[in-house]
Amino acid sequence: ARAPRFHFGAAYELQARGESLAHGAWLYAGVSRDVGAALRLGGRLAFAYRAPGAFDTTDVSLRTDELSLRAMAVAEVTLGTRGALALAAGGGIDLVTASPHANDTARVEADAPVMRALPVARAEAGVVLRVSERVRVYGALSFEAELSGARYYVDRAGTAEFVSSPWSLRPGGAAGVELTF
């Protein structure tokens, strides 16, 4: 039997969200096993911190802070001696904290921050290049679906005013490096 391989990596991702571009760093750990001469199957757990987002109205702004957690099944098909096509699919949650802030000239009071856990499905396709026995670099395109359809509103004396609606379907791209043992 072939021994499992352990992967530890870091990546930086850009992701389109409609009126904003989300970006942040991912850390992940995974395990895989060769199941044929040109096929490796495995899984990985990933954690990301995304840079804060900001959405503004006339007198109120909304800041969003996001932590993302993903569990992914991974398949790699060998391409030559140093490369592989990598495919991954899975899901997880985005923990989003929305913090409203009254602008300096506003005569309104901002509520306390609110945290929500938003379910997300994710698929990736990319290329992995082995640069040494233990080090690999990769680039990947991703597509996420935020499944709750999150929308952000401001309450004005009992009337909800729309602030932002990030895309539910979010294309992205990432580049990273990993250590394999």
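All of these numbers come straight from a predicted model, not from anything done at the bench. (Residues numbered from 1 in each chain as written. Predicted model: local features only at pLDDT ≥ 70, side-chain atom pairs only at ≥ 80, totals over all residues. Heavy atoms only, no water.)

S.K.: Before we go on, may I ask you to explain a nonpolar patch on the surface in this structure?
M.R.: On the surface, Val35, Leu39, Leu41, Val77, Leu79, Leu85 and Leu87 cluster together into a nonpolar patch covering about 540 Å² of accessible area. Counting only elements with at least two residues in the nonpolar patch, the list comes to strand S3 (39–56), strand S4 (60–79) and strand S5 (83–102). Inspection of the secondary structure puts leucine 85 in strand S5. Looking at leucine 85, the relative accessible area reads 35%, which means it is partly exposed. (Patch = residues over 30% accessible without salt bridge, like charges linked within 9 Å, V, L, I, M, F, W, Y side chains within 5 Å. Areas by Shrake-Rupley, 256 points an atom, 1.4 Å probe, with all protein chains shown as cover. Salt bridge = Lys/Arg side-chain N within 4 Å of Asp/Glu carboxyl O. Helix = DSSP H or I, 4+ residues; strand = E, 2+ residues; numbered from the N terminus. Buried < 20%, exposed > 50% of the residue type's maximum accessible area, 1.4 Å probe, protein only.)

S.K.: In this structure, what is going on with the pairing of strand S10 (residues 169–180)? I would like to understand it.
M.R.: Note on strand geometry: in a regular strand, side chains alternate between the two faces of the sheet. By the alternation rule, side chains of S10 split into Arg170, Gly172, Ala174, Gly176, Glu178 and Thr180, which are all buried, and Leu169, Pro171, Gly173, Ala175, Val177 and Leu179, of which none is buried. Sheet topology note: the strand S1 (residues 5–16)/S10 ladder contains 9 bridges and is antiparallel. When the bridges of S10 are listed, phenylalanine 8 appears paired with leucine 179. Pairing between strand S7 (residues 135–146) and S10: 11 bridges, direction antiparallel. For glutamate 144, the partnering residue across the bridge sits in S10 and is arginine 170. (Pairing = 2+ DSSP bridges.)

S.K.: Is there a simple way to explain the nonpolar core in this structure?
M.R.: General note: in soluble globular proteins, nonpolar side chains tend to be found buried as a group. Membership of the largest hydrophobic core is limited to 10 residues, which are Ala11, Trp26, Tyr28, Ala46, Ala48, Ala84, Ala86, Val128, Tyr138 and Ala140. Looking at this core, the elements that each hand over two or more residues are strand S2 (21–34), S3, S5 and S7. When sequence neighbours within four positions are dropped, the list of residues in contact with alanine 46 reads Trp26, Leu27, Tyr28, Ser68, Leu69 and Arg70. (Core = buried A, V, L, I, M, F, W, Y, C linked by side-chain atoms within 4.5 Å. Contact = heavy atoms within 4.5 Å.)

S.K.: Whenever I open this one, the pattern of salt bridges confuses me. Can you help?
M.R.: Here the structure, examined in full by the defined rule, presents 18 salt bridges. Residues glutamate 13 and arginine 122 are paired through a salt bridge, measuring 2.7 Å at the closest nitrogen-oxygen approach. In this pair, glutamate 13 is assigned in strand S1 and arginine 122 in strand S6 (residues 114–130), connecting sequence segments 109 residues apart. Each of the two residues, glutamate 13 as well as arginine 122, counts as buried. With a closest N to O distance of 2.6 Å, glutamate 124 and arginine 44 form a salt bridge. Of this pair, glutamate 124 sits in strand S6 while arginine 44 sits in strand S3, and the two are 80 residues apart along the sequence.

S.K.: When you look at the sheet that holds S3 in this model, what are you seeing that I'm missing?
M.R.: Sheet strands line up and pair through hydrogen bonds in the backbone, either parallel or antiparallel. A barrel is described by the order of its strands in space; here 8 strands give the closed sequence S1-S2-S3-S4-S5-S6-S7-S10, paired in antiparallel fashion. Going from strand to strand, the sheet's axes swing by 25° on average, the running direction of each strand aside. (Axes fitted to C-alpha atoms, helices over the stretch in contact; angles between N-to-C directions.)

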